[in-house]
There are 2 protein chains.
Amino acid sequence: MKYIKDPREIEKRSFEIITKELGDRKFNHREDKIIKRVIHTTADFEYADLLEIHPEAIDKGIKALKDGSYIYTDTQMIKAGINKRKLSTLGGKVCNLVHDKEVVKEAKERGVTRSMVAIEKACDNKNIKIFAIGNAPTALFQLINLIKEGKAKPELIVGVPVGFVGAKESKDALMNINVPYIITKGRKGGSTVSAAIINALLYLI
Amino acid sequence: MKYIKDPREIEKRSFEIITKELGDRKFNHREDKIIKRVIHTTADFEYADLLEIHPEAIDKGIKALKDGSYIYTDTQMIKAGINKRKLSTLGGKVCNLVHDKEVVKEAKERGVTRSMVAIEKACDNKNIKIFAIGNAPTALFQLINLIKEGKAKPELIVGVPVGFVGAKESKDALMNINVPYIITKGRKGGSTVSAAIINALLYLI
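Parameters and conventions
Residues numbered from 1 in each chain as written. Chains lettered and ligands numbered in written order. Predicted model: local features only at pLDDT ≥ 70, side-chain atom pairs only at ≥ 80, totals over all residues. Heavy atoms only, no water. UniProt positions renumbered as here; feature names shortened; annotations may be inferred. Core = buried A, V, L, I, M, F, W, Y, C linked by side-chain atoms within 4.5 Å. Buried < 20%, exposed > 50% of the residue type's maximum accessible area, 1.4 Å probe, protein only. Contact = heavy atoms within 4.5 Å. Pairing = 2+ DSSP bridges. Helix = DSSP H or I, 4+ residues; strand = E, 2+ residues; numbered from the N terminus. Axes fitted to C-alpha atoms, helices over the stretch in contact; angles between N-to-C directions. Buried area = accessible area lost by both parts, 1.4 Å probe. Salt bridge = Lys/Arg side-chain N within 4 Å of Asp/Glu carboxyl O. Polar contact = N/O pair within 3.5 Å; in protein donor to acceptor, adjacent residues only side chain to side chain. Nonpolar A, V, L, I, M, F, W, Y, C, P; charged D, E, K, R; others polar.

As annotated in an unreviewed UniProt entry, chain A is Precorrin-8X methylmutase from Thermohalobacter berrensis. According to the UniProt record, the Pathway (unreviewed entry) comment for chain A is "Cofactor biosynthesis; adenosylcobalamin biosynthesis." Database annotation for chain A, UniProt heading Sequence similarities (unreviewed entry): "Belongs to the CobH/CbiC family."

Right, dumping it as structure tokens:
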């Protein structure tokens, strides 16, 4: 069977196809890089309409990454998907606490999601300036609560939880607090989308 | 803010919404579990049409899992997404070799993707009976070649690479060899879809 085997050639061809199929739709340079990388990751052109990027989000996100800030992710999948080699050259790292023993125990006792308890613990770590939420609306709701209570002050929230219970509502709530965000409107999103957005920011540096 | 915090309640409500919105569309019990879990993971109802399940795929997959077979995944993200606690109770485990030092070196020398070289190495491990490909069409093409050459004989291939270069073609090729498969037709798929399918099989046991 004949097929393209060079990974750089595959990526180049993919972005050419995406650009062509987006047709007349144009975005500014940096937003373009984020939107196309999400489409590249999902093969879903709906994301061109679903992505909403706060005017300060890209500047704040890039500055935080350049400063070596840590990224908190609500799933191990996002952590696995982020380009950690690139991140580490900037001094950054990725944290996730949903499998932390204390978190598991406390979540069971309180009858809430591990994601919620993990977010509370993450807010104690002042190196964490970026939150990438791709799965649990409860994590995003909890983060919003902590921000309102003055217990967290992230530079950027990538808020793309996916699903049918709370996902849309949590993203709507995020747009109403004063923190730069990148979201996917409605139900769609997920770990691959979240990792793609963080990687697009890393590749903009 | 008021929102549902109990993870079991969230999952239950989610599947109720999915069932309701699928309306008249009915699937047999086991296919239903797979299709709904993929929709749950992506919030994308297109997957009800895109998923194609070979008649022997579920039986062969469940038997292999019950026998403690290993699963090879083409990304670390799929590995992160699979319920490894459930898998380990059956004696199984998940393998991924794209970050293996030898694989990285050899891929560079040959100018091919790490995914391709990793698949070759995975086929040497006779405990690996299930392949879950969610990212690289090159990995799936290579696996098909190895099967044709008699060097691999998996019980099940979850073939859901995503993208614009080779993804559709690799899945079309998979349907033409004599191995049970679960695929997503066309361009869509990805690591979260792949993990959702494997987890649905685990939850059927």
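A.B. asks: Before we go on, may I ask you to explain the nonpolar core in this structure?
C.D. replies: Nonpolar side chains in soluble globular proteins tend to be buried together. If you look at the biggest cluster of nonpolar residues, it comprises 85 residues, and the most contacted ones within it are A:I82, A:I182, A:I197, B:I82 and B:I197. Not counting the four nearest positions on each side in its chain, B:I197 is found in contact with B:I34, B:V38, B:L51, B:V158, B:V160 and B:I182.

A.B. asks: Would you take a moment to explain the sheet that holds strand β4 (residues 128–133) of chain A for this structure?
C.D. replies: Whenever strands of a sheet pair, they do so through backbone hydrogen bonds, lying parallel or antiparallel. Residue and element names in this part refer to chain A. Across the sheet, which stays open at both edges, the six strands sit in the order β1-β6-β5-β4-β2-β3 with mixed pairing between neighbours. With one partner strand each, in any of the chains shown, β1 (51–53) and β3 (94–95) form the two edges of the open sheet. Where strand β5 (residues 156–159) lies against strand β6 (residues 181–184), three bridges are found, and the strand directions are parallel. For V158, the partnering residue across the bridge sits in β6 and is I182. The sheet strands contacting helix α8 (residues 114–122) are β2 (70–73) and β4, and the helix crosses β4 at an angle near 165°.

A.B. asks: Could you clarify how one ought to interpret the interface of chain A and chain B in this entry?
C.D. replies: Many descriptions give the size of an interface as the accessible area lost when the pieces come together. Chain A puts 44 residues into the contact, and the matching count from chain B is 44 residues. Taken together, the two surfaces of chain A and chain B that pack against each other cover about 3,400 Å², and 74% of this comes from carbon and sulfur. Across the chain A-chain B interface, the total number found is four salt bridges. Where A:K188 meets B:D44, a salt bridge forms, and the shortest distance between an N and an O atom there is 3.7 Å. At the junction of chain A with chain B, the criterion picks out four residue pairs in polar contact (both at pLDDT 80 or more). For the side of chain A that touches chain B, the secondary structure elements donating two or more residues are α1 (7–22), α2 (29–42), α5 (76–81), α9 (137–148) and α11 (191–204) of chain A. Looking at the side of chain A that touches chain B element by element, the count peaks at seven residues for α1(A). The class makeup of the residues in the side of chain A that touches chain B is 22 nonpolar, 14 polar and eight charged.

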